[in-house]
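Summary of structural features
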Protein chains: 2
Amino acid sequence: MISNIAELIADRIGTMPASERRAAQTLIAFYPMIGLKTVAEFSAAAGVSSPTILRFVARLGFQNYPEFQSSLQDELAAQLQSPATRTLNPPSPGGGTVSPMLEATLDNMRETFRHLSDKQLADIAARLADRRGKTFLIGGRFTDPLARYMAAHLAIIQPDVFHLAGQESMWRDRLIDMGKRDVLVIFDIRRYQDSLLRFAEKAHQRGVQIVLFTDQWLSPIARLARHVIAGRTAVPSAWDSSAALFVVAETLIGAVTRQLEAEGAKRIREMESLR
Amino acid sequence: MISNIAELIADRIGTMPASERRAAQTLIAFYPMIGLKTVAEFSAAAGVSSPTILRFVARLGFQNYPEFQSSLQDELAAQLQSPATRTLNPPSPGGGTVSPMLEATLDNMRETFRHLSDKQLADIAARLADRRGKTFLIGGRFTDPLARYMAAHLAIIQPDVFHLAGQESMWRDRLIDMGKRDVLVIFDIRRYQDSLLRFAEKAHQRGVQIVLFTDQWLSPIARLARHVIAGRTAVPSAWDSSAALFVVAETLIGAVTRQLEAEGAKRIREMESLR
DNA sequence: CAAAATACGTAACATACGATACAGCGCTCC
DNA sequence: GGAGCGCTGTATCGTATGTTACGTATTTTG
């Protein structure tokens, strides 16, 4: 079975006329980048004319040049998704129902963090550690526990951390306390909840800084957010996975704790003694 | 030093207006493929207008869109040359707060699952899927969100799933409803909570089957439990990590869902129609 | 609260790009 | 050696694409 364009070329290069073969060879030599450039550049690199390039891709079975490029891009994207990461985790031999789930989850985490720079996390952590404002956390149907988890930790190392629970009307009443210096952390993955969007809009109007945890398809709230964390959620299950977001949350909790070390440590000691 | 476009974006995203930030986030989310498409496609994906995309790339320092694309392509080409340096966010040698945290978490998960057989999980899943009894879930200070997360999912695919919230006295009142056929899922990691142990003992006396999620040092509840899941929790942070337990929980949710597929699917459809 | 500045999208524009028609050339096969 | 066929490049065309100008909305500042 022919799965990529390189193989396709190898398969058909024998049937090609001289100039097209030159095109094929240059594509292989600079695979696949030269194919993503313009016809003119490709033809120049191969030392043939543009129509030859077009005839070449036509012979490969593509309707037109853009279609050929899209195909190359898809191939590239697939490579970038899974590349060595699969081989990085030696597929456990006794692959029952566990393994694929774990594998997918580990991949999701790596992917999520690949798209997340230290600087971004540091910025968010700094924002969360800023003691001049309050911190509110809220989540959706399945992600509210993540908001709770984060709130449970943050509330220990600093004051003015509030998890917004209960009914929509109750959150709204808290809006009155929110202003420019405050931060609202929202967890919202598919299927995105209207109630959260409504709430986010109102908070946004009040100048509240929004930190959004969402999936790779980005909740509509992203538009309002100051910081967006997009986690991978796809796993071989009927449900989406929030594990990657969970780990990001833990990472942030750790970073904020470190920033507030001095005061935080004191606070923690104080709390211990209160028990 | 800024070596790739992703870093460049992370560096400047703070200085960008809202719409451009959205463009930036979309690019990161689908990095780098979306940037190789046309301005129109990029703008559609980001939900902004084409000029915004152009202003965005201009702000990154590029003269025009093609130049930006070339830069992305060069980056890609370099990556493809040396597969070793394929990471989008190279392990920052300096204050890399991310990497060690992520690495430790991934290790924890692998370790946790290494000590967890498919059979164990299947048994637990079967127990949770057994519809003759009720399912109760409860957790400690930091782990209660995990109980909530699991409850939120299980409650959708089967009836009689209850998360025990609120104060200790309220849980106790629910004991009256618990019997031999029922399952109690407890999350308890260090520092183990006396209140949970007390509750577990009473439930155990009533013949309730206990499924315990704990850390590798095992909560004292372990001796009462029918099934024990011991997750690794150590990470380079001031806090313990519950991420491994979270993933086990998700795995179980998936397994239970699969077992109840027939009835579960029907239930889910019914719920959708109720919205 | 008014005024200025900035951000953003709509719509018109120019151009660079892919596509096509056609003519020249070489090769092959009678 | 000549006719036919196929391969290839030049030149032209239509259009999709990036670009720019401008007006409106929004935010910021005095």
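The structure under discussion appears in the preceding block.
Residues numbered from 1 in each chain as written. Chains lettered and ligands numbered in written order. Predicted model: local features only at pLDDT ≥ 70, side-chain atom pairs only at ≥ 80, totals over all residues. Heavy atoms only, no water.

Of the residues lining the interface, 71 residues belong to chain A; the matching set on chain B comes to 67 residues. Our count for the contact surface shared by chain A and chain B stands at 0 salt bridges. In this structure, the connection of chain A to chain B is made through 13 residue pairs in polar contact (both at pLDDT 80 or more). Those elements that provide at least two residues to the side of chain A that touches chain B are helix H5 (65-81), helix H7 (98-114), helix H8 (118-129), helix H9 (144-157), strand S5 (227-231), helix H12 (243-259) and helix H13 (261-274) of chain A. Considered class by class, the residues forming the side of chain A that touches chain B number 36 nonpolar, 19 polar and 16 charged. (Contact = heavy atoms within 4.5 Å. Salt bridge = Lys/Arg side-chain N within 4 Å of Asp/Glu carboxyl O. Polar contact = N/O pair within 3.5 Å; in protein donor to acceptor, adjacent residues only side chain to side chain. Helix = DSSP H or I, 4+ residues; strand = E, 2+ residues; numbered from the N terminus. Nonpolar A, V, L, I, M, F, W, Y, C, P; charged D, E, K, R; others polar.)

Next up on the list: the sheet that holds strand S1 (residues 135-139) of chain B. All names here are of chain B. Read from one edge to the other, the open sheet built from 5 strands follows the order S2-S1-S3-S4-S5, with strand pairing classed as parallel. On the outer flanks of this sheet lie strand S2 (161-163) and strand S5 (227-231), each paired with one strand and no other. Taken over all neighbouring pairs, the strand axes of this sheet differ in orientation by 15° on average, direction set aside. Across the sheet, helix H7 (residues 118-129) is in contact with S1, strand S3 (183-188), strand S4 (209-215) and S5; its angle to S5 comes to roughly 125°. Relative to the sheet, helix H11 (residues 243-259) contacts S4 and S5, its axis offset from that of S4 by approximately 145°. (Pairing = 2+ DSSP bridges. Axes fitted to C-alpha atoms, helices over the stretch in contact; angles between N-to-C directions.)

Our next topic: the sheet that holds strand S4 (residues 209-215) of chain A. All names here are of chain A. Spatial ordering of the open sheet is given by S2-S1-S3-S4-S5, a layout of 5 strands whose pairing is parallel. The open sheet terminates on both sides in strands that have one partner only, identified here as strand S2 (161-163) and S5. For this sheet, the mean angle separating the axes of adjacent strands, direction not counted, is 15°. Note: strand S1 (residues 135-139) against strand S3 (residues 183-188), 5 bridges, orientation parallel. In the strand pairing of S3, threonine 135 is matched with valine 183.

Residue and element names in this part refer to chain A. The element S4 is largely enclosed, with a buried count of 7 among its 7 residues. The two faces of S4 match: Gln209, Val211, Phe213 and Asp215 on one face and Ile210, Leu212 and Thr214 on the other face are all buried. Examined bridge by bridge, S3 and S4 share 6 bridges and lie parallel to one another. Bridging from a neighbouring strand, aspartate 188 pairs with threonine 214 of S4. Since S3 and S4 lie parallel, the crossover through helix H11 (residues 194-205) that links them has a hand, and here it is right-handed. For S4 and S5, the ladder comprises 5 bridges, and the chain directions are parallel. In the strand pairing of S5, phenylalanine 213 is matched with isoleucine 229. (Buried < 20%, exposed > 50% of the residue type's maximum accessible area, 1.4 Å probe, protein only. Right-handed = clockwise from strand over helix to strand, strands pointing away.)

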